[in-house]
Amino acid sequence: MAAQVDYNKCTMCGGLTQPRCVEICPDEAVRVQDGRIVVTEFLCEDCNECGIVCPDDRAIWVPVSAVTF
Ligand code: SF4
Ligand code: SF4
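Structure report, in brief. A quick note: this is a predicted structure, and the numbers were derived from the prediction, not measured.

Cut-offs and rules
- Residues numbered from 1 in each chain as written.
- Chains lettered and ligands numbered in written order.
- Predicted model: local features only at pLDDT ≥ 70, side-chain atom pairs only at ≥ 80, totals over all residues.
- Near = placed C-beta within 6 Å.
- Helix = DSSP H or I, 4+ residues; strand = E, 2+ residues; numbered from the N terminus.
- Nonpolar A, V, L, I, M, F, W, Y, C, P; charged D, E, K, R; others polar.
- Pairing = 2+ DSSP bridges.
- Core = buried A, V, L, I, M, F, W, Y, C linked by C-beta atoms within 7 Å.
- Buried ≥ 20, exposed ≤ 12 C-beta atoms within 10 Å, placed from the backbone.
- Contact = placed C-beta atoms within 7 Å.

Examining the site of ligand 1
Ligand 1 sits among 15 residues. The nearest are Cys10, Cys13, Pro19, Cys21 and Cys54. Listed by contribution, the elements that provide at least two residues to the shell around ligand 1 are helix H1 (12–15) and helix H2 (20–24). Taken together, the residues that form the shell around ligand 1 break down as 12 nonpolar, one polar and two charged.

Looking at the site of ligand 2
Of all residues adjacent to ligand 2, which total 15 residues, the nearest are Cys25, Cys44, Cys47, Glu49 and Cys50. Class assignment for the residues of the shell around ligand 2 results in 10 nonpolar, one polar and four charged.

Focus on the pairing of strand S3 (residues 36–39)
In terms of strand pairing, strand S2 (residues 30–33) meets S3 through four bridges, oriented antiparallel. Bridge pairing links valine 32 to isoleucine 37 in S3. Where S2 hands over to S3, the hairpin turn is made up of two residues, of which aspartate 34 adopts a positive phi near 55°.

As for the nonpolar core
Grouped together as the largest cluster of nonpolar side chains are 15 residues, with contacts concentrated most on Ala3, Cys21, Cys25, Val30, Cys50 and Ile60. When residues of this core are traced back to their parent elements, those giving at least two are H2 and strand S4 (60–61). In this structure isoleucine 60 touches Ala3, Val5, Cys10, Cys21, Ile37, Cys50, Gly51 and Cys54, once residues within four positions along its chain are discounted.

Let's talk about the environment of aspartate 46
Here aspartate 46 shows up in the loop between S3 and helix H3 (49–53). Spatially, the C-alpha atom of aspartate 46 lies 6.2 Å from that of valine 62, the residues being 16 residues apart in sequence. Apart from the residues within four sequence positions on either side, aspartate 46 is in contact with Met1, Ala2, Val62, Ala66, Val67 and Thr68.

As for unusual backbone geometry
Its identity as a non-glycine residue notwithstanding, aspartate 34 has a phi of 55°, on the positive side. Take aspartate 34: it is sitting in the loop between S2 and S3. Classification of aspartate 34 as exposed rests on a count of 5 C-beta atoms within 10 Å. At aspartate 46, a residue that is not glycine, the phi angle is positive and equals roughly 60°.

Written out as structure tokens, the structure is:
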């Protein structure tokens, strides 16, 4: 499945160079590329850690049905 990014909502955590989703991801599946968040699907384990720390209401998230705990 992999985490989904809503670019209309993401503010890059207000302009942080190391946004929260990048910081929290245990699998290094999130990175900043060309000034926006990119998820590498095959690295993502659908843990939704990124969705929990995102300050911008679900700018990144894993659909509930796909979340692994
Ligand atoms: S945590 Fe949310 S607001 Fe911050 S960079 Fe990631 S998706 Fe964007
Ligand atoms: S769901 Fe987990 S593994 Fe996937 S991008 Fe978010 S923090 Fe990383």
